[in-house]
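Structural description and commentary
These are the residues of each chain, in order.
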Amino acid sequence: MQLKQDFFEQLSGFYSQVFPLGISNPHWLAWSQDAANLIAIEKPSDALLQGLSGNAQIADASYYAQVYSGHQFGGYSPQLGDGRSIILGEAIGPQGAWDVALKGGGPTPYSRHGDGRAVMRSAVREFLISEALHQLHVPTTRALAVIGSDLPVWRETQETAAITVRLAKSHIRFGHFEFFCHSERGAPDKLKQLVNFTIKQHYPDLSCDAAGYKAWFTQVVRDTAKMIAHWQAIGFAHGVMNTDNMSILGDSFDFGPFAFLDTFKEDFICNHSDPEGRYAFSQQPGIGLWNLQRLAQALAPIIASDDLIAALNQYQVELVQQYLRLMRAKLGMAVSPAKATSPEAESNKGLTDTELDNSDLELIGGFTMLMEGNHLDYTNSLRSFGQLDPHTKHSSLRDDFIDVNGFDNWFEAYQKRLGHIHDVEQWQGQRNSVNPKYILRNYLAQEAIVAVEEGNLTPLHELQQVLQKPFDEQPEFDDFAKRPPDWGQGLIMSCSS
Ligand SMILES: Nc1ncnc2c1ncn2[C@@H]1O[C@H](COP(=O)(O)OP(=O)(O)OP(=O)(O)O)[C@@H](O)[C@H]1O
Ligand SMILES: [Mg+2]
């Protein structure tokens, strides 16, 4: 692993140097070669295991914990910082550099009352979801490995510590800007330094002046909207959208009590510690904007308010367009014939773009409402479109509905929207390439974790394998695509990790 130290060298005063605390009996619980390739690591080795567990020093690593703050569940926490994540530096890979962080690597000056550790179940979940989201084309941080240990840690009961080795293009969060805005009122030198660093590292085409700042913040707004559109389309609930968990690059970040929807439920709450549903599935788009508004406030000392507002105004437009793009692909609805190569959708001729957008949103919303009313599985229902002949009324999808009339009414409007499909087989294949068969259902993660506790890594490795190709039929793993058993339906997790 070849490391460089741009953040460490250019931003002193933005972190504390801290060395990871060694851990007893480290061993690989899981390894992602796909992630390893990003930083040119050919295979796991014993030397790497010792280094990434904190038992031996890695050459060129700097070891630091970043300082940030953030809005947590709506309230401002003036000082957070990496309490259990220690960054080694930026590993150089064939397509760019990736921060390497040991999440659960030991206490730091920002640990407050925490022990600096992560428990095995949360480390495994973070690993699995990072790699799974990537395969689903959702922007995300990545995970190289999970390292297990013998170290006992105390949560509600005694558990065992583990480390997730996280790769991120950047660990800079909205909360970084909030921290430096609030800690240096009146002389925003560090805030400016951080913005300039972010732009130079990640937006090399932009300048570090007023025009560049405006373009940069606009891009942050767009990237955040795009990430959330992906979550809504794939049926992913993050669970803890605090501003310290929002990456400035619009990558899904910090995976705790997340969940995919099993049965579609718009107001699904996946976080046991969120009884009010602040971060419910349906709230995510609104919270994304709220978080961006907090970021805009933090940037106000250096970016003109008109520019910030203009950028924020693009959020909803971008989110809706991205969501429409993803859902149209899932349902096989080609865009307006005026613009599209497909001449199929006869009924839409003459509609303006906005009218078509609105009628498509209505059609999509109609389908999710039907799913909710009929207690249908979100992922499996969408996957059924890969077997659907849009010209035929009867289908396995229709058979799933109790409210058949409701479905028929919807289907009629949908058929009209689609028009004639020339090559149904090709159309079905396209649906299968965007509607996954396999997602990381909470109960699957739970089963794999219980097996790890019993010393059996096979279910974890099988799950990792199946999630690497979520759109492919993998008949030997058909069971992984089933709806959860009763005990695993809508399983929600606590924040303790
Ligand atoms: N066991 C722990 N020991 C020390 N600090 C902790 C611990 N758990 C959480 N924290 C700190 O509490 C804050 C909020 O935690 P949160 O769960 O959002 O982050 P995290 O999962 O620890 O890490 P990250 O955001 O880097 O993925 C963070 O500053 C985090 O570092
Ligand atoms: Mg966090």
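Residues numbered from 1 in each chain as written. Chains lettered and ligands numbered in written order. Predicted model: local features only at pLDDT ≥ 70, side-chain atom pairs only at ≥ 80, totals over all residues.

1. Considering the overall build of the protein chain
- Secondary structure assignment for the protein chain yields 17 helices and 13 strands.
- For 497 residues, the compact-globule estimate of 2.2 N^0.38 gives 23 Å, and the protein chain sits close to it at 23 Å.
- Taking the principal axes of the C-alpha coordinates as reference, the protein chain spans close to 65 × 55 × 45 Å.
- Buried positions account for 47% of the 497 residues belonging to the protein chain.
- For the protein chain, long-range pairs separated by at least 24 residues make up 73% of all intrachain contacts whose partners lie at least 6 apart in sequence. (Helix = DSSP H or I, 4+ residues; strand = E, 2+ residues; numbered from the N terminus. Rg over C-alpha atoms; globule rule 2.2 N^0.38 Å. Buried ≥ 20, exposed ≤ 12 C-beta atoms within 10 Å, placed from the backbone. Contact = placed C-beta atoms within 7 Å.)

2. Details of the UniProt feature "binding site: ATP" (unreviewed entry) in the protein chain
- In this numbering, the UniProt entry assigns the feature "binding site: ATP" (unreviewed entry) to Gly81, Gly83, Arg84, Lys103, Asp115, Gly116, Arg166, Arg173 and Asp254.
- Along the chain, Gly83 turns up in the loop between β6 (75-77) and β7 (85-93).
- Those residues in contact with Gly83 that lie beyond four places of it in its chain are Thr108, Tyr110, Ser111, Arg112, Gly114 and Gly116.
- Looking at the secondary structure, you find Arg84 in the loop between β6 and β7.
- Those residues in contact with Arg84, other than ones at most four positions away along the chain, are Lys103, Gly104, Gly105, Ser111, Gly114, Gly116, Arg117 and Ala118. (UniProt positions renumbered as here; feature names shortened; annotations may be inferred.)

3. Focus: the site of ligand 1
- As a matter of local geometry, ligand 1 sits amid 18 residues, with Leu80, Gly83, Ser111, Gly114 and Asp254 nearest to it.
- Partitioning the shell around ligand 1 into residue classes produces three nonpolar, eight polar and seven charged.
- Split by domain, the residues of the shell around ligand 1 number at least three in each of domain 1 (3-171) and domain 2 (175-325). (Near = placed C-beta within 6 Å. Nonpolar A, V, L, I, M, F, W, Y, C, P; charged D, E, K, R; others polar. Domains from an automatic or database assignment.)

4. Some words on the pairing of strand β8 (residues 96-103)
- With seven of its eight residues buried, β8 lies for the most part within the structure.
- Strand direction decides the pairing type here: β7 and β8, joined by eight bridges, are antiparallel. The residue bridging Ile87 from the neighbouring strand is Ala101, located in β8.
- What sits between β7 and β8 in their antiparallel hairpin is a turn of two residues.
- Relative to strand β11 (residues 158-168), β8 runs antiparallel, the two being bridged by five bridges. Along β11, the bridge assignment pairs Asp99 with Ala168. (Pairing = 2+ DSSP bridges.)

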